Amino acid sequence: MRGREQTRPLARLEIRRSRKQDERPLNPPQSRLKLYTRGLIEVVGLEMGLPCAATLGLLAYTRRRRSKAGNLDRDGRLQALSSKP
Amino acid sequence: MAAPDPAPARDSFTLRWDVLMFGIYVFAAMPHATGIQAHEWIGVALVPVLVGHLLLNWNWIVTTTRRMFSALSGEVRFNHIWDALLFVMFVLATASGLLISRFVLPTLGIAPMGDGFWRFVHTVSATVLTMMLGIHIALHLRWVLTRLKKAPGLAPKTSRKEEP
């Protein structure tokens, strides 16, 4: 009995401490605008934007190589590129 | 002498639908900002929007699939395969998201799966899906820019002289 009475205040302290931890937010509260801005930068800028930019660069490079190769005449001389898109 | 034709109504509608889908997807991909409940419902709302996107481009999908093993440029073939993989990734992300949903499934009276496996699958598939979507946009950017140039109000005013 004595053992149980001694642990009761400790148990109450532990419960109080865990409740305070539950109430405390994990991250400091941020404004909605900051959250959306950060989300936009992460999603559109980084996750989507970087692969998009890399692909556009690769496409431009391969298309340029193809157009240069396609403009070679029979003798292998490079012809002027057409001004038409 | 005739003024350049404006973009066909269907292409204009398709472009607007794609922009709408992009906007909805961006919001769906920001659960930290929108909150989990909104994230789940926006994700569910994406499904009919994607179905609409596929139906609007159905002719291209069918035509390209038929020509897959015949004369087709490497770029178009890659584009088509990438689109198919993108669809698979979308289905995986949506399905895993539904399995772990805390609001959508309980609303329908179904208990969600709380295990970490499907949570991991959803996180990974959603991130990969976003990156694949960036590449998808890059592969179709020419079409988008062409439609934007022909959009009414944005088309450049040309002179009455005909081009040689």
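That block above? That's the structure.
This report concerns the structure included in the present document. Quick caveat: nothing in here was measured; it's all calculated off a predicted structure.

Parameters at a glance
- Residues numbered from 1 in each chain as written.
- Chains lettered and ligands numbered in written order.
- Predicted model: local features only at pLDDT ≥ 70, side-chain atom pairs only at ≥ 80, totals over all residues.
- Heavy atoms only, no water.
- Helix = DSSP H or I, 4+ residues; strand = E, 2+ residues; numbered from the N terminus.
- Areas by Shrake-Rupley, 256 points an atom, 1.4 Å probe, with all protein chains shown as cover.
- Polar contact = N/O pair within 3.5 Å; in protein donor to acceptor, adjacent residues only side chain to side chain.
- Axes fitted to C-alpha atoms, helices over the stretch in contact; angles between N-to-C directions.
- Parallel < 35°, antiparallel > 145°, perpendicular 65-115°, else oblique.
- Left-handed = near helix turned anticlockwise from the far one by under 90°.
- Nonpolar A, V, L, I, M, F, W, Y, C, P; charged D, E, K, R; others polar.
- Salt bridge = Lys/Arg side-chain N within 4 Å of Asp/Glu carboxyl O.
- Buried < 20%, exposed > 50% of the residue type's maximum accessible area, 1.4 Å probe, protein only.

Summing up its helical and strand segments, chain A has 2 helices and 0 strands in all. As displayed, chain A offers around 7,900 Å² of accessible surface, 57% of which is attributable to carbon and sulfur atoms.

Moving on to the environment of Thr37(A). Examined against the element boundaries, Thr37(A) turns out to sit in helix 2 (residues 32-70). Here Leu33(A) takes part through its backbone oxygen, which lies 2.6 Å from a polar atom of the side chain of Thr37(A).

All names here are of chain B. Between helix 5 (residues 74-99) and helix 7 (residues 116-150), whose axes approach to 8 Å, the crossing angle comes to 150°. Taken together, the axes of helix 5 and helix 7 lie roughly antiparallel to each other. Here helix 5 runs over helix 7; the crossing is left-handed. Of the residues assigned to the contact of helix 5 with helix 7, the class counts are 18 nonpolar, 7 polar and 1 charged.

Next up on the list: the pattern of salt bridges. For the structure shown, the criterion picks out 2 salt bridges over all chains. Between Arg38(A) and Glu42(A) there is a salt bridge, with the nearest N and O atoms lying 3.2 Å from each other. Highlighted residues: Arg38(A) and Glu42(A), both in helix 2, separated by 4 residues, approximately one helical turn. Overall, the relative accessible area of 47% leaves Arg38(A) in the partly exposed class. Glu42(A) sits in the partly exposed class, given a relative accessible area of 32%. Note that Glu75(B) is salt-bridged to Arg63(A), the shortest N-O span being 2.3 Å. With Glu75(B) in helix 5 and Arg63(A) in helix 2, the pair connects residues from two separate chains. In this structure Glu75(B) comes out as partly exposed when scored by relative accessible area, which is 22%.

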